[in-house]
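Structure assessment
Spelled out, the chains give:
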Amino acid sequence: MERITAAVAALDYTSTLRLVNEALGRGETAVDIVRATLAGLQVVGERYERQEIFLSGLIMAGEIFRGVMEIVQPDWESSLHGGASGRVLLGTVLGDIHDLGKNMAALTFRAFGFAVEDLGVDVPPEDFLEAARRSKPDIVGLSGLLTLAFDSMRDTVALIRKHGAELGGAPLIVIGGATIDEHVARYVAADHWTTDAMEGVRLCQRLLELRRGAAGQAPALGPQ
Ligand code: B12
């Protein structure tokens, strides 16, 4: 796993895919392989900040992640189990085009039995609202990695909340992305936040069960 992280960090496409294939062959899980890949992407991001690599490096990192997902996707999906289902409206917020995390969140929600409407990237708050009026989602999932995306998230949350009554009850609003933390979640006024698709989707399942069930105390803000 450490070698996968190191190969991603070094932007070595060929070695990463070879190591991932070897790891799967050894019986390692898709979840652990994805975690090791994400750790490598974290290093890539830090190298970019230190200007050791440039935009082309970020593009390469994205391609590496795509390549890894192509290999592990069947295992990722089969390791998940459908449970409480619901409707999810998902998108990357205005100003942000990072979509790998959003796509993984969509894949994971679907594998858990949720119906997902994916609005794509760079989605303005008004488009989220229009789609929410149409589909009356149980959950609105906002993805974003750029600092400037936090304002878009905040605007989207405020707009959805303002029109909650028209949406058949206020949907739960969950935000996700590598740069999200508790402070961002509070700034955005989201119900919950996550940096891990699997954890985020499980949390949504639990929250919907609580909401549908009788009384229950809502879990605390953030990953469980
Ligand atoms: C790959 C990458 C790119 C690729 C993206 C390719 C693509 N199709 O998405 C490209 C080259 C396009 C790119 C562009 C840019 N990038 Co970029 N990029 C990255 C990098 C290296 C990895 C991001 C990634 O895809 N990770 C893999 C995914 C799977 O992880 P994830 O998004 O966190 O998603 C996981 C969870 O968070 C969760 N999740 C995500 N969303 C949601 C939503 C819900 C509802 C749920 C439940 C879960 C969930 O599920 C996923 C799996 O667990 C990061 C570094 C980092 N540390 O993340 C920088 C990074 C995000 N980029 C950065 C920057 C600066 C840029 C650019 C501005 C560069 C430039 N000068 O043009 C542009 C922005 C363009 C724009 N307007 O959006 C900065 C952002 C800094 C900041 N705080 O603002 C980062 C942090 C790098 C850095 N350290 O400086 N980038």
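Our structure's up above, just so we're on the same page.
Predicted model only: the values in this text are computed from it and were never measured.

**A closer look at the overall build of the chain**
- Summing up its helical and strand segments, the chain has 9 helices and 5 strands in all.
- Put simply, the chain runs from its N terminus to its C terminus through helices and strands in the order α-α-α-α-β-α-β-α-β-α-β-α-β-α.
- Whereas a compact globule of 224 residues would reach a radius of gyration of roughly 17 Å, the chain reaches 18 Å, a difference of no more than 12%.
- Projected onto its principal axes, the C-alpha positions of the chain cover 50 × 35 × 30 Å.
- Looking at the chain as a whole, 46% of its 224 residues qualify as buried.
- When contacts within the chain are restricted to residue pairs at least 6 apart in sequence, long-range pairs at least 24 apart make up 74% of them.
- Counting only carbon and sulfur atoms, one obtains 53% of the accessible surface of the chain, whose full area is about 10900 Å².
- The averaged location of the 30 negative side-chain charges in the chain is 5 Å from the averaged location of its 21 positive side-chain charges.

**Here's the deal with the site of the ligand**
- Near the ligand there are 37 residues, and of these Glu49, Ile97, His98, Asp99 and Ser143 occur at the shortest range.
- One of the side-chain nitrogen or oxygen atoms of tyrosine 48 is found 2.9 Å away from a nitrogen atom of the ligand.
- Note that a nitrogen atom of the ligand is positioned 2.7 Å from one of the side-chain N or O atoms of aspartate 99.
- Broken down by secondary-structure element, the contributors of at least two residues to the shell around the ligand are helix 3 (30-49), helix 4 (55-78), helix 5 (100-111), strand 3 (139-143) and strand 4 (172-176).
- Classifying every residue of the shell around the ligand gives 18 nonpolar, 14 polar and 5 charged.

**Section: the pairing of strand 4**
- With 5 of its 5 residues buried, strand 4 lies for the most part within the structure.
- Because side chains alternate across strand 4, one face comprises the buried residues Leu172, Val174 and Gly176, and the other comprises Ile173 and Ile175, equally buried.
- Bridging between strand 3 and strand 4 involves 5 bridges; their strand directions are parallel. What sits directly across from isoleucine 139, in strand 4, is leucine 172.
- Inspection of the sheet shows strand 4 paired to strand 5 (residues 192-194) by 3 bridges, in the parallel sense. Along strand 5, the bridge assignment pairs isoleucine 175 with tryptophan 193.
- At this point the chain moves from strand 4, through helix 8 (residues 182-188), to the parallel strand 5, and the crossover so formed is right-handed.

**Quick word on unusual backbone geometry**
- The phi torsion at leucine 11 lies on the positive side, around 60 degrees, for a residue other than glycine.
- The backbone of lysine 136 sits at a positive phi, close to 45 degrees, despite the residue not being glycine.
- Residue position: lysine 136 is located in the loop between helix 6 (125-135) and strand 3.

**Quick notes on helix 3**
- Taking 1.5 Å as the rise per residue, helix 3 with 20 residues should run 28 Å; its terminal C-alpha atoms sit 29 Å apart, in good agreement.
- Ala30, Val31, Ile33, Val34, Ala36, Thr37, Gly40 and Val44 are the residues of helix 3 that are buried.
- In this fold, the buried residues of helix 3 make contact with helix 1 (2-9), helix 2 (13-26), helix 4, helix 5 and helix 9 (197-212).
- Remark: glutamine 51 follows helix 3 within two positions and exhibits a positive phi of approximately 60 degrees.

The rules we used
- Residues numbered from 1 in each chain as written.
- Predicted model: local features only at pLDDT ≥ 70, side-chain atom pairs only at ≥ 80, totals over all residues.
- Heavy atoms only, no water.
- Helix = DSSP H or I, 4+ residues; strand = E, 2+ residues; numbered from the N terminus.
- Rg over C-alpha atoms; globule rule 2.2 N^0.38 Å.
- Buried < 20%, exposed > 50% of the residue type's maximum accessible area, 1.4 Å probe, protein only.
- Contact = heavy atoms within 4.5 Å.
- Areas by Shrake-Rupley, 256 points an atom, 1.4 Å probe, with all protein chains shown as cover.
- Lys, Arg positive; Asp, Glu negative; His and termini not counted.
- Charge placed at Lys NZ, Arg CZ, Asp CG, Glu CD.
- Near = heavy atom within 4 Å.
- Polar contact = N/O pair within 3.5 Å; in protein donor to acceptor, adjacent residues only side chain to side chain.
- Nonpolar A, V, L, I, M, F, W, Y, C, P; charged D, E, K, R; others polar.
- Pairing = 2+ DSSP bridges.
- Right-handed = clockwise from strand over helix to strand, strands pointing away.
- Expected span 1.5 Å × (residues − 1).

Scope: geometric values only; no functional claims are made or implied.
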